[in-house]
Amino acid sequence: MLNLKPGCENCNVDLPPDSDAAMICSFECTFCRDCVEGVLNNVCPNCGGGFERRPQRVTTAWRAGVSLTEAPASEERVYDPVDPTEHAAFARAIQDIPPALR
């Protein structure tokens, strides 16, 4: 099950479960849209992959056990700000490669 982290790993802005600004990579690294577009250039600083909008978990249990109430978002924050200079050097080599081909 997808781990809905509560905040951006770079700027620590809150990203509640219903946030339209939450972005994730395939390893579920979680960043806000502003950091993905303005700082990271769509390159995950942890794995080098790209980002997609994080899905929102349903709030109504249309089937037993599958809703935000029964499967709540994580409360564990990951806050590890990116060094912009270091990330720029890392991203430069791969940012022009489509995420699916990285």
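An account of the accompanying structure is given in this report.

Conventions we followed
Residues numbered from 1 in each chain as written. Predicted model: local features only at pLDDT ≥ 70, side-chain atom pairs only at ≥ 80, totals over all residues. Heavy atoms only, no water. Phe/Tyr/Trp six-rings, centres within 6.5 Å; stacked < 30°, edge-to-face > 60°. Helix = DSSP H or I, 4+ residues; strand = E, 2+ residues; numbered from the N terminus. Buried < 20%, exposed > 50% of the residue type's maximum accessible area, 1.4 Å probe, protein only. Pairing = 2+ DSSP bridges. 1 Å grid on protein atoms, 1.4 Å probe; cavity = no way out; pocket = protein on both sides within 12 Å on 5 of 7 lines; lining within 4 Å. Points joined across faces, edges and corners; volume = space filled by probe spheres on them. Nonpolar A, V, L, I, M, F, W, Y, C, P; charged D, E, K, R; others polar. Core = buried A, V, L, I, M, F, W, Y, C linked by side-chain atoms within 4.5 Å. Contact = heavy atoms within 4.5 Å. Disulfide = S-S within 2.5 Å.

**Observations concerning the packing of aromatic side chains**
In step 1: Per the stated rule, a full pass over the model turns up one aromatic pair.
In step 2: Residues Phe 31 and Phe 51 carry aromatic rings whose centres are separated by 5.5 Å and whose planes lie at 80 degrees to one another, so their mutual orientation is edge-to-face. Taken together, the residues span a long stretch of sequence, with Phe 31 in strand β2 (residues 30–32) and Phe 51 in the loop between α1 (33–38) and β3 (52–53) at a distance of 20 residues. We note that Phe 31, like Phe 51, is buried.

**As for the environment of Thr 60**
In step 1: With respect to the helices and strands, Thr 60 occurs in the loop between β3 and α2 (84–92).
In step 2: The spatial distance from the C-alpha of Thr 60 to the C-alpha of Ala 89 is 44 Å, given a sequence separation of 29 residues.

**Points about the sheet that holds β3**
In step 1: Read from one edge to the other, the open sheet built from three strands follows the order β2-β1-β3, with strand pairing classed as antiparallel. Both outer strands of the open sheet, β2 and β3, are each paired with one neighbouring strand and no more.
In step 2: The pairing of strand β1 (residues 22–24) with β2 spans three bridges and is classified as antiparallel. Looking at the pairing, Met 23 lines up with Phe 31 of β2.

**Some points on the layout of surface pockets**
In step 1: A volume near 160 Å³ is recorded for the largest pocket.
In step 2: Lining of the largest pocket is provided by Glu 9, Phe 31, Pro 45, Asn 46, Asp 80, Pro 81, Val 82, Asp 83, Glu 86, His 87 and Phe 90.
In step 3: Classifying every residue of the lining of the largest pocket gives five nonpolar, two polar and four charged.

**Points about the nonpolar core**
Soluble globular proteins: nonpolar side chains tend toward being buried together.
In step 1: Membership of the largest hydrophobic core comes to 14 residues, with the highest contact counts inside it found for Cys 8, Phe 31, Val 36, Leu 40 and Phe 51.
In step 2: Setting aside anything within four residues of it in sequence, one finds Phe 31 in contact with Cys 8, Glu 9, Asn 10, Leu 15, Ala 21, Ala 22, Met 23, Val 36, Leu 40, Pro 45, Asn 46 and Phe 51.

**Focus on the state of the cysteines**
In step 1: Applying the stated rule across the entire model yields zero disulfides.
In step 2: No disulfide involves Cys 35; its nearest neighbouring cysteine sulfur is the one of Cys 32, lying 3.6 Å away.
In step 3: Sulfur of Cys 44: no disulfide; nearest cysteine sulfur belongs to Cys 29 and is 3.8 Å away.

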